[in-house]
Amino acid sequence: KRWAESSQWTFENKWYLLEAEESFSHNDYEAAKSFYKQAISSAKLHKFVHEEALAYELAAYFYLELGEREQTVEHFMLAHEKYLEWGALGKCDSLLKFVEFMKKLWHEGAMS
C-alpha cells in the first residue's frame, strides 16, 4: 500500500489486485469485485496492458468461482484481447482452449 501511495502510476493497480485477491480469499465478494474493477481501471489508465490482462483473467476466475458464467466468459475474453495486444500469443491460445473447455462442461452439466 505504501508503494501505491508513493508511486500511484506504477503500483496502484498492483495494490488493488492484491486487495481483490485477499478479499476473495476471505469470501468478501463485494469488496473483491470492487477491487478487481479498480485494478482493471488503474492498469488501463496507466497503460499497463499486461497487468490489465492479468486483472481481467483473475477477475474471470473470481466470477467462475461464483458461478457467474456470463461475467466469467466476458472477463476471459477481455483478458484474451489484452494478452493479444501485448503479444502473448501462447497465453491467448491457452485462454481460448480453457474457455471452450468450460463451455463444454457447462453444456454437459458437469460444471455449475
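What you are looking at is a predicted structure, and each value in this text was computed from that prediction instead of being measured.

Here is what the cut-offs are and how they apply
Residue numbers restart at each chain and count upward from 1, following the sequence in its written direction. For a predicted model such as this one, the threshold for reporting local features is a pLDDT of at least 70, and the threshold for listing and counting side-chain atom pairs is 80 or more; totals across whole chains, interfaces and linings nevertheless cover every residue. Heavy atoms from the whole structure form the basis of all side-chain values; hydrogens and water molecules are not counted. For the purposes of this entry, the term helix denotes a DSSP run of H or I that reaches at least four residues, the term strand denotes a run of E that reaches at least two, and both are numbered from the N terminus. In this description the radius of gyration comes from C-alpha coordinates, and the expected globular size is given by 2.2 Å times residues to the power 0.38. The classification of residues rests on relative accessible area computed with a 1.4 Å probe and restricted to protein chains. Under 20% of the type maximum is buried, over 50% is exposed, and intermediate values are partly exposed. Here, residues are in contact when the closest pair of their heavy atoms is within 4.5 Å. Values of accessible area rely on a 1.4 Å probe in the Shrake-Rupley scheme; residue burial ignores everything except the protein chains shown. Positive charge is attributed to Lys and Arg, negative charge to Asp and Glu, and no charge count is given to His or to the chain ends. Each charge is placed at NZ for Lys, CZ for Arg, CG for Asp and CD for Glu. In this description, a nonpolar core means a group of buried Ala, Val, Leu, Ile, Met, Phe, Trp, Tyr and Cys residues linked to one another through side-chain atoms lying within 4.5 Å. With axes taken as lines fitted to C-alpha atoms, and helix axes fitted only over the stretch in contact, angles between N-to-C directions fall between 0 and 180 degrees. Comment on the angle field: the value is read as roughly parallel under 35 degrees, roughly antiparallel over 145, roughly perpendicular from 65 to 115, and oblique elsewhere. Handedness of each helix crossing follows the sense of rotation of the near helix against the far helix: counterclockwise by less than a right angle gives left-handed, clockwise gives right-handed. All residues other than Ala, Val, Leu, Ile, Met, Phe, Trp, Tyr, Cys, Pro, Asp, Glu, Lys and Arg, Gly among them, are scored as polar; the first ten of these are nonpolar and the last four charged. Just to be clear on terms, a salt bridge is a Lys or Arg side-chain nitrogen sitting within 4 Å of an Asp or Glu carboxyl oxygen.

**Student:** Can you tell me about the overall build of the chain, naming the residues and giving the values?
**Tutor:** In terms of helices and strands, the chain carries six helices and zero strands. Going from the N terminus to the C terminus, the chain shows its helices and strands as α-α-α-α-α-α. For a compact globule of 112 residues, the expected C-alpha radius of gyration is about 13 Å, and the chain comes in at 14 Å, within 12% of that figure. Per-residue burial over the chain gives 41% buried out of 112 residues. Taking contacts inside the chain between residues at least 6 apart in sequence as the whole, the part at least 24 apart equals 48%. Put simply, the chain shows about 6,800 Å² of open surface, and 55% of that area lies on carbon and sulfur atoms. Within the chain, the 19 negative side-chain charges are centred at a point lying 3 Å from the centre of the 13 positive side-chain charges.

**Student:** Before we move on, could you go through the nonpolar core and cite the residues and values that matter?
**Tutor:** Among the nonpolar cores identified, the biggest contains 28 residues, and Tyr-36, Phe-62, Phe-76, Tyr-83 and Met-102 are the most heavily contacted of them. Mapped by element, the contributors of at least two residues to this core are helix 2 (8-25), helix 3 (29-45), helix 4 (49-66), helix 5 (69-86) and helix 6 (89-108). Of all the elements, helix 4 adds the most residues to this core, at eight residues. Once residues lying within four places of it in the same chain are set aside, the contact partners of Met-102 are Leu-64, Thr-72, Phe-76 and Met-111.

**Student:** So what's going on with the packing of helix 3 against helix 4? Which residues, and what values?
**Tutor:** Contact geometry for helix 3 and helix 4: axes closest at 8 Å, N-to-C directions at 160°. When the axes of helix 3 and helix 4 are compared, the pair comes out roughly antiparallel. For the element pair helix 3 and helix 4, the recorded crossing hand is left-handed. Across the interface between the two elements, Tyr-29, Ala-32, Lys-33, Tyr-36, Lys-37, Ala-39, Ile-40, Ala-43 and Lys-44 from helix 3 touch Glu-51, Glu-52, Ala-55, Tyr-56, Leu-58, Ala-59, Phe-62, Tyr-63 and Leu-66 from helix 4. Residues of the contact of helix 3 with helix 4, tallied by class, amount to 13 nonpolar, no polar and five charged.

**Student:** Describe the pattern of salt bridges, naming the residues involved and giving the relevant values.
**Tutor:** Inspection of every chain in the model, using the stated rule, returns five salt bridges. Of the charged contacts, one joins Glu-52 and Lys-82 as a salt bridge, the two residues approaching to 3.8 Å between their closest N and O atoms. Of the two residues, Glu-52 is situated in helix 4 and Lys-82 in helix 5; the sequence distance between them amounts to 30 residues. A salt bridge links Lys-82 to Glu-85; the shortest N-O distance between them is 3.1 Å.

**Student:** Account for unusual backbone geometry, with residues named and values stated.
**Tutor:** Leaving glycine aside, a negative phi is the common case for residues, and trans is the common case for peptide bonds. Positive phi, close to 60°, is recorded for Asn-27, a residue that is not glycine. Along the chain, the position of Asn-27 falls in the loop between helix 2 and helix 3. One non-glycine residue with positive phi stands out, namely Lys-47, at about 60°. Its location among the elements puts Lys-47 in the loop between helix 3 and helix 4. Look at Lys-47 and you get exposed, because its relative accessible area is 66%.

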